[in-house]
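Structure assessment
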Amino acid sequence: MTLVYYVSWFATLNNILFFSTGIFTCRKIIRSNSTEYVSHLPFLVTAFSCFMWIMYGITKRDSTITFVNMIGMTLQCMYLICHFIYSKTEPVFRHTLYILLLTCTLLSYFKLYIPTEEESLSTMGMTCVIITVIMFGSPLVALANIFRTKTTESLSFPLCVMTVVNSSLWMTYGYLINDVYVITPNFLGLLLGLVQVALFCIYPSNAKPVIVSL
C-alpha cells in the first residue's frame, strides 16, 4: 500500500464526516418546524461545488475525488430537500433552478467549446478552485464580526479543527498526485481554519462580549 492510498482514504472519511455536519442543521430545522435563521445557500453552493468536482474527477479519472464528492452532493441534496419542505418564505426552488442553469451552461462550454480534454480539464480545475475559494470565503463575514465583538460565540471549535484536518489531508493528497487544483483551495482552507482556531485562543467563546459604541 502506498502513502497516497492511505492519505486518500483518511481524506475521504474525514470529508464525509465534514459533509455530514449538515445533519445537525436539518435536525434543528425539523425540531423547530422552521428554517428561520438557516440559509439554504450553503447547501446549494456546496452541492454545486461537489458536482463540479465530480466532473473534474471523472475527466481526470480520479476515483477518490469522484467518490467523495458524489457522497457530498447526495447529502447536500438531502439537506436542500429538507430545507425546501420546511421553508415558508425563501426562494429555494428558484435559486436551485439558477444553479442548474449555470451547471448546464458550464458543462456545455467544457464539452462543446474546448477542443481538447487537457484544456477542458485545466479549465474545469480552475472553475472548481474558484468555487471552493468562494465557499471558504463565506466565514470571513463571521470573522469580521468576531474582531468587532471580541468573542468566538458564533464559531464552532470542533468544526474549525475539522476544517484544518480536512484541508491538510486534501492538500497532502494534491501534493502526492501533483495536482495544483487540489492543493490551492485546500491550502487557503487550511490558512482560514488555522486563523479560526487561533481566534479561540485570542477571544475565548466564554469571554464577555465587548460592546462597541458607534
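For the structure itself, look to the data block above.
Residues numbered from 1 in each chain as written. Predicted model: local features only at pLDDT ≥ 70, side-chain atom pairs only at ≥ 80, totals over all residues. Heavy atoms only, no water.

Moving on, we get to the overall build of the chain. Helices and strands together make up the secondary structure of the chain, namely nine helices and zero strands. The linear arrangement of helices and strands in the chain, starting from the amino end, is α-α-α-α-α-α-α-α-α. Expressed as a percentage of the 214 residues in the chain, the buried residues total 40%. Look at the contacts in the chain between residues 6 or more apart in sequence, and 80% of them connect residues 24 or more apart. Entry remark: accessible area of the chain is about 12,500 Å², with carbon and sulfur atoms responsible for 71%. (Helix = DSSP H or I, 4+ residues; strand = E, 2+ residues; numbered from the N terminus. Buried < 20%, exposed > 50% of the residue type's maximum accessible area, 1.4 Å probe, protein only. Contact = heavy atoms within 4.5 Å. Areas by Shrake-Rupley, 256 points an atom, 1.4 Å probe, with all protein chains shown as cover.)

This paragraph deals with unusual backbone geometry. Of note, the phi angle at R61 is positive, near 65°, even though the residue is not glycine. Position of R61 relative to the elements: it lies in the loop between α3 (41-60) and α4 (63-86). R61 gets classed as exposed once you look at its relative accessible area, which sits at 65%. We note that N178 has phi near 60°; this positive angle belongs to a residue other than glycine. For N178, the position within the fold is in the loop between α8 (157-176) and α9 (180-202). Judged by its relative accessible area of 70%, N178 falls in the exposed class.

Our next topic: the packing of helix α2 (residues 22-32) against α4. The geometry of α2 relative to α4 is characterised by a closest axis approach of 10 Å and an angle of 15° between their N-to-C directions. By the angle class used here, α2 and α4 are roughly parallel. Read as a crossing pair, α2 and α4 show a hand that is left-handed. Across the interface between the two elements, G22, I23, C26, I29 and I30 from α2 touch Y79, C82, H83 and Y86 from α4. When grouped by side-chain class, the residues that make up the contact of α2 with α4 number seven nonpolar, two polar and no charged. (Axes fitted to C-alpha atoms, helices over the stretch in contact; angles between N-to-C directions. Parallel < 35°, antiparallel > 145°, perpendicular 65-115°, else oblique. Left-handed = near helix turned anticlockwise from the far one by under 90°. Nonpolar A, V, L, I, M, F, W, Y, C, P; charged D, E, K, R; others polar.)

Time to look at the pattern of salt bridges. Proximity of charged atoms lets side chains of opposite charge pair with each other. Evaluated as defined, the whole model comprises two salt bridges. The partner of D179 in a salt bridge is K60, with the nearest N and O atoms 2.4 Å apart. Of this pair, D179 sits in the loop between α8 and α9 while K60 sits in helix α3, placing them 119 residues apart in sequence. According to the relative accessible area criterion, K60 is partly exposed, its value standing at 28%. Of the charged contacts, one joins E117 and R61 as a salt bridge, the two residues approaching to 3.1 Å between their closest N and O atoms. Highlighted residues: E117 in helix α6 (residues 117-137) and R61 in the loop between α3 and α4, separated in sequence by 56 residues. Among the residues examined, E117 registers a relative accessible area of 46% and is labelled partly exposed. (Salt bridge = Lys/Arg side-chain N within 4 Å of Asp/Glu carboxyl O.)

Attention now goes to the nonpolar core. Among the nonpolar cores identified, the biggest contains 35 residues, and F48, M52, W53, Y56, I65, F110 and W170 are the most heavily contacted of them. Secondary-structure elements contributing two or more residues to this core are α1 (3-19), α2, α3, α4, α5 (92-113), α6, α8 and α9. Per-element accounting of this core gives the leading share, eight residues, to α3. Among residues more than four places away in sequence, those in contact with M52 are L106, F110, M124, T127, C128 and I131. Judged by nonpolar contacts, the second largest core, of six residues, contains F136, I146, L199 and Y203. (Core = buried A, V, L, I, M, F, W, Y, C linked by side-chain atoms within 4.5 Å.)

Read these as spatial facts, not as claims about activity.
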